[in-house]
Amino acid sequence: MNRPAGPRQKVDPVSLEVFSTAAACPDWAALAGTAQGCVACPELAATRATVVVGDAPAGARLALVGEAPGADEDRTGRPFVGRAGRLLDQVLAEAGLDRSAVAVLNVLQCRPPGNRPPTATEAVRCRGWLERKLDLAGPELVVTLGLSAAVAFLGRGVKLGEIRGRVHPAYGRQVLPTYHPSAALRFGPAGAPLAYLRADLAAAAALLT
Ligand code: URA
C-alpha cells in the first residue's frame with residue numbers, strides 16, 4: 001500500500017472539531033456563547049463551574065495568555081481575578097499598561113481539578129478556541145505567562161529562563177514569554193520571577209509605544 005510521504009501524526013478528531021466550531025464563530029459574542037457548551041475535555045466539563053473565555057477589549061494591542069482558570073476564575077467566569085490576577089494588575093499598571101485595554105486569555109478556558117497543570121491533550125483540544133480568540137482580538141503582541149503558555153506557542157522543551165523577555169515569532173504572531181504571576185507570588189517580593197515579570201511587561205509596553 002502506498003502511504004503519503006512525510007511524518008505520520010495522529011490527529012485528534014476532537015481537536016479538529018473544536019477548531020472548526022471556533023473558526024465558524026464570526027465574532028467574540030458568538031464565540032463566548034458557543035464556548036460555554038464545550039465538552040471537548042470530559043473531566044474539565046464535568047468539574048468546572050464556568051467556562052472562562054477571557055477578556056478581549058476592542059482594539060487591544062496586547063494579549064496576555066496564562067495557563068488556566070483557578071478557583072476564583074471558575075467561580076466568577078473572569079480571567080485572573082484571584083491573588084495572581086491582583087498582582088498582574090499591579091505589575092501591568094507599573095508598566096503603564098491598563099488592564100482594561102489588554103486581552104486576557106488562557107491556554108485552557110476550564111479549571112483543571114485542584115489547579116493541576118493542563119495535560120497536553122487538554123491544551124491541544126482548547127487550542128482552536130485560543131487561536132480564534134487571538135484572531136478576533138487581533139493583538140500586535142502576545143505575552144505568555146508561565147511555562148504552559150510558553151510551551152503552547154514555542155513547543156515542549158523550552159526553558160523559561162532562556163527564552164523570557166525576548167520576542168519570538170510563533171504561529172504568525174509575535175510572542176514574548178515571561179513568568180507567571182503565581183511564580184512571582186511563590187518566590188516573594190525579592191524573587192527573580194517578580195523582577196522578570198516586571199522587566200518583561202515593561203519591555204512589552206515599550207514595544208507597543
Ligand atoms: N492563573 C492563570 O493562569 N489564569 C487565570 O486566569 C488565573 C490564574
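Rules of the game
- For every chain, the first residue of the written sequence is number 1, and numbering continues from 1 along that sequence.
- Local features in a predicted model are, by the rule used here, given only for residues with pLDDT of at least 70; side-chain atom pairs are given and counted only at 80 or more, and totals for whole chains, interfaces and linings are based on all residues.
- In this text, helices come from DSSP runs of H or I with a minimum length of four residues, and strands from runs of E with a minimum of two, each type numbered from the N-terminal end.
- Throughout, the radius of gyration refers to the C-alpha atoms, and the reference size of a globule is 2.2 Å times the residue count to the power 0.38.
- With C-beta atoms placed from the backbone, a residue is labelled by how many other C-beta atoms lie within 10 Å of its own: buried for 20 or more, exposed for 12 or fewer, partly exposed between the two.
- For the purpose of contact definition, each residue receives a C-beta atom placed from its backbone, and two residues are in contact when these atoms lie within 7 Å.
- UniProt positions are given in the numbering used here, feature names are shortened, and annotations may be inferred rather than shown by experiment.
- Think of it this way: take the backbone, place a C-beta atom on it, and check whether that atom is within 6 Å of the molecule or strand, in which case the residue is near it.
- When residues are sorted by character, Ala, Val, Leu, Ile, Met, Phe, Trp, Tyr, Cys and Pro go into the nonpolar class, Asp, Glu, Lys and Arg into the charged class, and all the rest, Gly among them, into the polar class.
- Expected helix span is computed as 1.5 Å times (number of residues minus one).
- Throughout, the arc means that of the directions going from the helix axis to the C-beta atoms.
- Lines fitted to the C-alpha atoms define the axes, with helices restricted to the stretch that makes contact. Angles between their N-to-C directions range from 0 to 180 degrees.
- Just so you know how the angles are binned, under 35 degrees is roughly parallel, over 145 roughly antiparallel, 65 to 115 roughly perpendicular, and the rest oblique.
- Crossing handedness is read from the near helix: turned anticlockwise from the far helix by less than a right angle, it gives a left-handed crossing, and turned clockwise, a right-handed one.
- Only when DSSP finds a minimum of two bridges between them are two strands counted as paired.

1. Description of the overall build of the protein chain
A tally of helices and strands in the protein chain yields 10 helices and five strands. For the protein chain, the C-alpha radius of gyration of 17 Å lies close to 17 Å, the compact-globule estimate for 209 residues. Principal-axis analysis of the C-alpha atoms gives the protein chain an extent of 60 × 40 × 35 Å. In the protein chain, buried positions account for 40% of the 209 residues. The contacts in the protein chain between residues at least 6 apart in sequence include a share of 70% that link residues at least 24 apart.

2. Some words on the UniProt feature "domain: Uracil-DNA glycosylase-like" (unreviewed entry) in the protein chain
Those residues carrying the UniProt feature "domain: Uracil-DNA glycosylase-like" (unreviewed entry) are residues 53-198 in this numbering. Regarding residues 53-198, the helix share stands at 42% and the strand share at 16%, and the terminal C-alpha atoms are separated by 26 Å.

3. Here we look at the site of the ligand
What surrounds the ligand is the set Gly-66, Glu-67, Ala-68, Pro-69, Gly-70, Glu-73, Pro-79, Phe-80, Ala-84, Gly-85 and Asn-106. Residues belonging to the shell around the ligand are distributed by class as follows: five nonpolar, four polar and two charged.

4. Quick word on helix H5 (residues 83-94)
An ideal rise of 1.5 Å per residue puts 16 Å on 12 residues; H5 measures up with 17 Å between its terminal C-alpha atoms. When H5 is considered as a whole, its buried residues turn out to be Ala-84, Gly-85, Leu-88 and Leu-92. Along H5, the residues classed as buried sweep out an arc of 95° about the axis, all on the same side. Turning to H5, the residues buried within the fold contact helix H9 (181-187) and helix H10 (192-207). Looking at the residues trailing H5, positive phi occurs at Gly-96, about 80°.

5. Regarding the packing of helix H2 (residues 28-35) against helix H6 (residues 120-137)
One way to put it is that H2 packs onto H6 with a least axis distance of 10 Å and a crossing angle of 160°. As summarised for this structure, H2 and H6 are arranged roughly antiparallel, according to the angle between their axes. As for how H2 packs across H6, the hand of that crossing is left-handed. Of H6, the residues touching H2 (which contributes Trp-28, Leu-31 and Ala-35) are Trp-129, Arg-132, Lys-133 and Leu-136. A per-class count over the contact of H2 with H6 returns five nonpolar, no polar and two charged.

6. Section: the sheet that holds strand S3 (residues 141-145)
Sheet architecture is open: five strands sit in the order S2-S1-S3-S5-S4, paired in mixed fashion. Here the strands that pair on one side only, and so sit at the sheet edges, are strand S2 (103-106) and strand S4 (168-170). Ignoring which end each strand starts from, the neighbouring axes of this sheet average 35° apart. Pairing of strand S1 (residues 62-66) with S2 involves four bridges; the strand directions are parallel. Opposite Ala-63, over in S2, you have Ala-103 as the bridge partner. Docked against the sheet, H6 engages S1, S2, S3 and strand S5 (173-178), running at close to 170° with respect to S2.

7. Focus on the environment of Arg-86
Here Arg-86 is to be found in helix H5. Residue classification places Arg-86 among the partly exposed positions, given that 14 C-beta atoms sit within 10 Å. Spatially, the C-alpha atom of Arg-86 lies 24 Å from that of Ala-32, the residues being 54 residues apart in sequence.

8. Remarks on the packing of helix H1 (residues 13-23) against H6
Contact pair H1 / H6: the axes reach a minimum separation of 7 Å and the direction vectors enclose 15°. As the angle between them shows, H1 and H6 are arranged roughly parallel. Judged by the twist between their axes, the crossing of H1 over H6 is right-handed. Contact with H1, carried on its side by Val-14, Ser-15, Val-18, Phe-19, Ala-22 and Ala-23, involves Val-124, Arg-125, Arg-127, Gly-128, Trp-129 and Arg-132 of H6 and no other residues of that element. Grouping the constituent residues of the contact of H1 with H6 by class yields seven nonpolar, two polar and three charged.

9. Concerning unusual backbone geometry
With a phi close to 60°, Asn-115 is a non-glycine residue in the positive phi region. Mapped onto the fold, Asn-115 is located in the loop between S2 and H6.

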